[in-house]
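Chain and residue survey
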Amino acid sequence: QAQLEESGGGLVQAGGSLRLSCAPNRRTFTAYSFSRCSVGWFRQAPGKEREFVATISRNGATTLYSDSVNGRFIVSRDKDKNTVYLQMNSLEPEHTALYYCAGVPQILTAIPQREANTYDHWGQGTQVTVAS
C-alpha cells in the first residue's frame, strides 16, 4: 500500500495553474517519518520514462528543479501540516503526466537528489492533464 498520497491533479487549460499536495498515508506512514524525509516530485507521461520534476530537502531550505520546469514550478513544504506542495504555473500540454511524490529519509541538512531510485516511499500518483 502506498505510503504517500498525492492530490490536486486535474484538468486545466494551457496557461493555467495547479497546486499538487503530498502527504503521508497515516495508515502506512507516520507524520514523524514523513517529516524526516526529503520529498521529490516525478512525473510519467504515457510511453515515456519517469522523470524528475522537483525536490525539497527535509528542512525545506534546499529546492532543486529540472531545467524544463525551473522558474515555472515551485516546491514547498508546510511542516505544521505535514504536507509538501508543488505549485505549477503556466502549464502547457507537455506537462500532462501522472505526477508522483516520493520521500527518502535524510539528515536535516542533506541535499536531496534528482534520481528516482534514491527515494524509498512513493505515492500512487495524481493525474495532471493540460488541454491545448
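The following paragraphs examine the structure supplied in this document. Keep in mind the model is a prediction, meaning the values are calculated, not measured. (Residues numbered from 1 in each chain as written. Predicted model: local features only at pLDDT ≥ 70, side-chain atom pairs only at ≥ 80, totals over all residues. Heavy atoms only, no water.)

Looking only at helices and strands, the protein features one helix and 11 strands. Computed over C-alpha atoms, the radius of gyration of the protein comes to 14 Å, within 12% of the 14 Å expected from 2.2 N^0.38 for 132 residues, which places it in the range of a compact globule. When the backbone C-alpha atoms are referred to their principal axes, the protein occupies close to 40 × 30 × 30 Å. The contacts in the protein between residues at least 6 apart in sequence include a share of 60% that link residues at least 24 apart. In the structure as shown, the protein presents an accessible area of about 6800 Å², 45% of it carried by carbon and sulfur atoms. Put simply, the protein has 13 plus and 11 minus side-chain charges, and the middle of one group is 7 Å from the middle of the other. (Helix = DSSP H or I, 4+ residues; strand = E, 2+ residues; numbered from the N terminus. Rg over C-alpha atoms; globule rule 2.2 N^0.38 Å. Contact = heavy atoms within 4.5 Å. Areas by Shrake-Rupley, 256 points an atom, 1.4 Å probe, with all protein chains shown as cover. Lys, Arg positive; Asp, Glu negative; His and termini not counted. Charge placed at Lys NZ, Arg CZ, Asp CG, Glu CD.)

Looking now at the side chain of histidine 121. Relative to the assigned elements, histidine 121 resides in strand E10 (residues 121-122). Within the local environment of histidine 121, its side chain forms a polar contact with the side chain of glutamine 3, the two groups lying 2.4 Å apart. What histidine 121 contacts, discounting residues up to four positions off in sequence, is Gln3, Leu4, Phe29, Cys37, Cys101, Ala102, Gly103 and Pro105. (Polar contact = N/O pair within 3.5 Å; in protein donor to acceptor, adjacent residues only side chain to side chain.)

The subject of this paragraph is the pattern of salt bridges. On inspection of all chains with the given rule, the structure shows one salt bridge. Between arginine 43 and glutamate 51 there is a salt bridge whose closest N-O contact spans 2.8 Å. (Salt bridge = Lys/Arg side-chain N within 4 Å of Asp/Glu carboxyl O.)

Strand order in the open sheet made by the four strands is E1-E3-E8-E7, with antiparallel pairing throughout. A strand with exactly one partner marks an edge of an open sheet, and here the two such strands are strand E1 (4-7) and strand E7 (73-78). Neighbour to neighbour, the strand axes of the sheet diverge by 20° on average, direction disregarded. In terms of strand pairing, E7 meets strand E8 (residues 83-88) through six bridges, oriented antiparallel. Within E8, the position partnered with phenylalanine 73 by the bridge is methionine 88. (Pairing = 2+ DSSP bridges. Axes fitted to C-alpha atoms, helices over the stretch in contact; angles between N-to-C directions.)

Moving on, we get to the nonpolar core. Core analysis: the largest hydrophobic core is formed by 27 residues, its most contacted members being Trp41, Leu86, Met88 and Tyr99. Counting only elements with at least two residues in this core, the list comes to strand E3 (18-24), strand E4 (37-44), strand E5 (51-56), E7, E8, strand E9 (97-105) and strand E11 (126-131). The next biggest cluster of nonpolar side chains, apart from the first, holds eight residues, and it includes Phe42, Leu64, Tyr100 and Trp122. (Core = buried A, V, L, I, M, F, W, Y, C linked by side-chain atoms within 4.5 Å. Buried < 20%, exposed > 50% of the residue type's maximum accessible area, 1.4 Å probe, protein only.)

As enumerated under the stated definition, the model contains one disulfide in all. The structure places no disulfide on cysteine 37, whose sulfur is separated from the nearest cysteine sulfur, that of cysteine 22, by 9.3 Å. Overall, the relative accessible area of 0% leaves cysteine 37 in the buried class. (Disulfide = S-S within 2.5 Å.)

Spatial relationships are all this shows, so hold off on functional conclusions.
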